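If you want the building blocks of each chain, they are given just below.
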Amino acid sequence: MLNAPLSIDVRRGAVAGLGELLADRRIVTEGRVAIAVGPGQGDQIAEHVRPSLSACEVYRVEDGSVDAAVGLGARLRAGSYEAVVGIGGGRTIDATKYAATLSGIPMVSVATNLSHDGICSPVASLVHDKGKGSFGVVMPLAMVVDLDYVHAAPPRLVRAGIGDVVSNFSAVDDWLLAAEECGERVDRMALTVARTAAEALLHQPESIESDRFLTVLAESLVLSGMAMAFAGDSRPASGGDHEILHAIDQLFPGTANHGELAGIGAAFCYHLRATHLGAGADRLAEILTCLGRHGLPRFPGDVGLSVEQFAEAVCFAPQTRPGRYTILEYLGLDKGATLKAVEEYVQAHGG
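Right, let's walk through the structure included here.

### Quick notes on unusual backbone geometry
In this structure, Ser-80 is a non-glycine residue whose phi angle is positive, near 55°. For Ser-80, the location among the structural elements is in the loop between helix H3 (66-79) and strand S4 (83-88).

Here is the structure:
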């Protein structure tokens, strides 16, 4: 059975309605609710909603690690809670999703920024002793985005969500390539929803200062999460683009955030398509224009990587998702050919 949100609230002042949302008997019946907060605005929001949730307990999630998520899960089980509310950015929400899944209780996601589609997806990206991995989790039962808090978040984190949504184009084309070359099954509903999320955002003329734009961004991130729920995995929102970002995370940790790297990865994958398949040049131009319009990085140098370092990450990328077939696996470029491709990408589009 598909797990999908029963409530999505995106507006200014949305947090004020959290107590009413949690009174929905489809979520809790006796009011035993845990609140998990991360660094930043989480504590502030928890204090805001505490008066309407008299029986709640607040727990702090220090980071987006498996250890933090497992520790939170143990506290949730010990407290016999009916639901948990995860308040914060992507790392806090991912850790809370994992903890809620371990505990077998529903989760409500309260996003304080819009940095990537993990705010409402059936996947949690968590750090462990061997790097960062993706884990299947139960999708949040409800989602709240208070635009007042999003406006107060670091602009870089909010813009990053744009890169993550736009990378859906690359992921979808990789999925279709895998179907053609390997016979992989494609869920057309998941594919359509993922593509629709990216199309809705691609040509939006406004910026993150606009409530209207932030609403479209939030809805697109939710659609991406729902596409993954339809597919049963991250396929419709994670292709060669995400293989590259995960490789950069492993080889050069701390380089940039998830959404920023997803945008660069998607653009480079379309450069490969245009060069080797004779297709995708128009989409590449659209993505580069979109990233540039919102001040997102587009080239390795924009995130402090040399051409050689980025090429190293591209070569390593297929190892991050064994069994996933993308433009990178299809081409199978060696080290020299990859370096040449990165050099051509920068020279052709770097202005």
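From this point, the narrative continues.
### A few points about the sheet that holds strand S3 (residues 57-60)
Spatially, the six strands line up as an open sheet ordered S1-S8-S5-S4-S2-S3, and their pairing is parallel. For this open sheet the edge positions go to strand S1 (7-11) and S3, each flanked by a neighbour on one side alone. Strand-to-strand twist across the sheet, computed as the mean angle between neighbouring axes with direction ignored, equals 15°. The sheet contact formed by strand S2 (residues 33-37) and S4 spans five bridges and is parallel. Bridging from a neighbouring strand, Ala-34 pairs with Val-84 of S4. Across the sheet, H3 is in contact with S2, S3 and S4; its angle to S3 comes to roughly 165°.

### Describing the pattern of salt bridges
Taken as a whole and judged by the stated rule, the model has ten salt bridges. Residue Asp-94 is joined to Lys-97 by a salt bridge in which the shortest nitrogen-to-oxygen separation is 3.3 Å. Here Asp-94 and its partner Lys-97 are both found in helix H4 (residues 90-103), three residues apart, which amounts to about one turn of the helix. The same class applies to Asp-94 and to Lys-97, which are both buried. Among the ionic pairs, Glu-199 bridges to Arg-283, the shortest N-O distance being 3.3 Å. With Glu-199 in helix H8 (residues 188-202) and Arg-283 in helix H12 (residues 281-293), this pair connects stretches of sequence that are 84 residues apart. Of the residues examined, Glu-199 reaches a relative accessible area of 36% and is grouped as partly exposed. Put simply, Arg-12, Asp-148 and Asp-211 are held in one network by salt bridges that share partners.

Conventions adopted
- Residues numbered from 1 in each chain as written.
- Predicted model: local features only at pLDDT ≥ 70, side-chain atom pairs only at ≥ 80, totals over all residues.
- Heavy atoms only, no water.
- Helix = DSSP H or I, 4+ residues; strand = E, 2+ residues; numbered from the N terminus.
- Pairing = 2+ DSSP bridges.
- Axes fitted to C-alpha atoms, helices over the stretch in contact; angles between N-to-C directions.
- Contact = heavy atoms within 4.5 Å.
- Salt bridge = Lys/Arg side-chain N within 4 Å of Asp/Glu carboxyl O.
- Buried < 20%, exposed > 50% of the residue type's maximum accessible area, 1.4 Å probe, protein only.

Limitation: the analysis is restricted to geometry and does not speak to function.
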